[in-house]
Amino acid sequence: MVEVAHSSSRHRLVGQPLLYAISLFASLGVFLFGYDQGVMSGIITGPYFKQFFNSPGPIELGTMVAVLELGALATSIAAGRIGDVIGRKGTLFIGALVFTVGGAIQTFTTGFYVMIIGRVISGCGVGLLSTIVPIYQSEISPPNHRGALACMEFTCNIVGYASSVWTDYFCSFIGSDLSWRIPLFLQCVIGSILAAGSLVMPESPRWLIDTDQDAAGMRVIVDLHGGDPDNIIAQAEFQEIKDKVLSERELGEGRSYAVMWRKYKRRVLLAMSSQAFAQLNGINVISYYAPSVFEEAGWLGRDAVLMTGINAIIYVLSTLPPWYLVDRWGRRFILLSGAVIMGIALGFTGWWMYIDVPATPKAVVACVIVFNAAFGYSWGPIPWLYPPEIMPLTFRSKGVSISTATNWAFNFIVGETTPYLQEVITWRLYPMHGFYCACSFILVYFLYPETKGVPLEEMDAVFGEEERLDYESERASLVSNTRSHSIRSGSRRRAATERGWVSRLIYRNDRSTYQPIGEGDE
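Given the structure is predicted, the values throughout are model-derived calculations rather than measurements.

Analysis parameters
- Residues numbered from 1 in each chain as written.
- Predicted model: local features only at pLDDT ≥ 70, side-chain atom pairs only at ≥ 80, totals over all residues.
- Heavy atoms only, no water.
- Helix = DSSP H or I, 4+ residues; strand = E, 2+ residues; numbered from the N terminus.
- Contact = heavy atoms within 4.5 Å.
- Areas by Shrake-Rupley, 256 points an atom, 1.4 Å probe, with all protein chains shown as cover.
- Axes fitted to C-alpha atoms, helices over the stretch in contact; angles between N-to-C directions.
- Nonpolar A, V, L, I, M, F, W, Y, C, P; charged D, E, K, R; others polar.
- 1 Å grid on protein atoms, 1.4 Å probe; cavity = no way out; pocket = protein on both sides within 12 Å on 5 of 7 lines; lining within 4 Å.
- Points joined across faces, edges and corners; volume = space filled by probe spheres on them.
- Core = buried A, V, L, I, M, F, W, Y, C linked by side-chain atoms within 4.5 Å.
- Buried < 20%, exposed > 50% of the residue type's maximum accessible area, 1.4 Å probe, protein only.
- Patch = residues over 30% accessible without salt bridge, like charges linked within 9 Å, V, L, I, M, F, W, Y side chains within 5 Å.
- Salt bridge = Lys/Arg side-chain N within 4 Å of Asp/Glu carboxyl O.

A.B. asks: When you look at the overall build of the chain in this model, what are you seeing that I'm missing?
C.D. replies: Scanning the chain from N- to C-terminus turns up 23 helices and 0 strands. Partitioning the intrachain contacts of the chain with sequence separation of at least 6 by distance along the chain shows that 83% fall at a separation of at least 24. For the chain, the exposed surface amounts to about 20400 Å²; the carbon and sulfur share of it is 65%.

A.B. asks: Any chance you could explain the packing of helix H3 (residues 58–107) against helix H4 (residues 112–140) here in plain terms?
C.D. replies: In contact at an axis separation of 5 Å, H3 and H4 are set at 40° when each is read in the N-to-C sense. Taken together, the residues that form the contact of H3 with H4 break down as 28 nonpolar, 16 polar and 4 charged.

A.B. asks: Got a minute to help me understand empty space enclosed by the protein in this structure?
C.D. replies: Think of a ball as big as a water molecule: rolled over the atoms, this probe shows where empty space is left. This model, assessed by the stated rule, comprises 4 cavities of 30 Å³ or more. By volume, the largest cavity amounts to about 110 Å³. Along the wall of the largest cavity there are 16 residues; nearest its centre are Gln 37, Phe 154, Gln 279, Phe 375 and Trp 384. Where the lining of the largest cavity is concerned, the elements lending two or more residues are helix H1 (15–43), helix H5 (146–171), helix H10 (257–280) and helix H11 (283–287). Among the residues forming the lining of the largest cavity, the class breakdown is 9 nonpolar, 7 polar and no charged. Taken as a whole, the second largest cavity spans an internal volume of roughly 50 Å³. As for the second largest cavity, its lining consists of Val 30, Phe 33, Pro 134, Glu 153, Phe 154, Asn 157 and Trp 384.

A.B. asks: So what exactly am I meant to see when it comes to the nonpolar core here?
C.D. replies: Within soluble globular proteins, side chains that are nonpolar generally end up buried alongside one another. Residues Met 40, Phe 49, Met 64, Trp 379 and Ile 390 are the most contacted members of the largest nonpolar core, which totals 110 residues. Ranked by the residues each element gives to this core, the list is headed by H1, at 12 residues. Excluding its chain neighbours within four sequence positions, the residues that come into contact with Ile 390 are Arg 267, Leu 270, Ala 271, Thr 451, Met 459 and Phe 463. Core analysis: the next-biggest nonpolar cluster, separate from the first, contains 9 residues, Ile 209, Ile 221, Ile 241 and Leu 393 among them.

A.B. asks: For this particular structure, what's the right way to read a nonpolar patch on the surface?
C.D. replies: On the surface, Phe 108, Leu 178, Ile 182, Phe 185, Leu 186, Val 189 and Ile 193 cluster together into a nonpolar patch covering about 600 Å² of accessible area. With respect to the helices and strands, Leu 186 occurs in helix H6 (residues 178–198). Owing to a relative accessible area of 30%, Leu 186 belongs among the partly exposed residues under this scheme.

A.B. asks: How should unusual backbone geometry be read in this particular structure?
C.D. replies: The bulk of non-glycine residues show a negative phi, and the bulk of peptide bonds are trans. For Asn 54, which is not a glycine, the phi torsion comes out positive at approximately 55°. The residue Ser 55 is not glycine, and still its phi comes out positive at about 50°. Tracing the chain through its elements places Ser 55 in the loop between helix H2 (47–52) and H3.

The following block contains the structure:
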């Protein structure tokens, strides 16, 4: 076991205060992502923005909004390699710095093409941040709080979105080009804060151990567990991570994308599908173009931005219940119920626009609010939590980079085509995305295993890809479990038979009865 000296400083953050401080500060990365999602939605409807860019058409608007995803797509793929080479902390710093530069170019743009360049550069920063923050978050989080912390992270994303919408609204009262330049400039301020803060954040202990910096990794683990080097829990966690790293090395298969695809194809496809359907389910039709949607429904000008702001507040509130529910209800139930509500809301949105009666504007607002609330509770946070959970340490960075790249690819497709489809197929656009919600329900029901409460090092057992683990599990190391194998097996059978038919239907692939692998399971 690696020895770690007792720290002489009394003012260092340790334990839960350190964990929450890291989570909160890292969440500035997804705050930036959310802010950038929403900031364009309000300014593109403003008169001074339209005048400056000579009344851009739907293709030009779609390109300005969606081109960010091309930069994000490129760097989210590269982030897998970058995160493995320079670490999670270094990638976070570079992402924040690149984003800030792109925000400055957008703020001081001289025309359409300079704006495009600024959006692409910002997208490169967003791609790095949106890939590395979920990885970093999952690798410092304990199993029983991992879901809650990831959902808190997503809340920061939506707070960023809401902040940008309200910034757009209040700046719309400014009678000059500052009405759209100020919201863009605030990106630079937030990005600078994140870049500076990332320099003092600790590195991921799993990355440190994976790169043979055992003493530094143990130091971070000790700090996360209260600062006592003799803490048995911290020592057990270090040993399990180290054993997992060594067992992966013994296989000698390398860490290329090809090896990852061959060994973990199912996991990669599930991670990619979660991010793809997060976009196909229609959220960015609302996030990027909410004022345009409300204008289409009958709200005009500044009133459309105001309705977007009200919707954003409810959107933020909807992300709070998963903090409590995700580690209790599990990932599957939240995704399934969210898909149902979102599909119904989108269907009614299209129907109200089709009949076009005096009640349509208010009815569309209500439907959009319900849709956003359902997304914020389900398909918003879970697709950012699920991929880093299910990928093993040796391929986590690369696997999450592929899933995040999928997000940005579909993000670009939705962002680029929405203005055009709003003009061509009008109300039919919303039931179309409702159909994708139905598809996502079927996919989750039949293929997604439950990962609630499962330590990262034991995810092989969840997917049935481990014949037998030859080391103690994280939870078995931390919690003394003296029950025999027969007792455990009997309790599992009773748990399965005692559940009602509704529970068995919803939790078809549920692993809520998952037990860590202990000494008796030989």
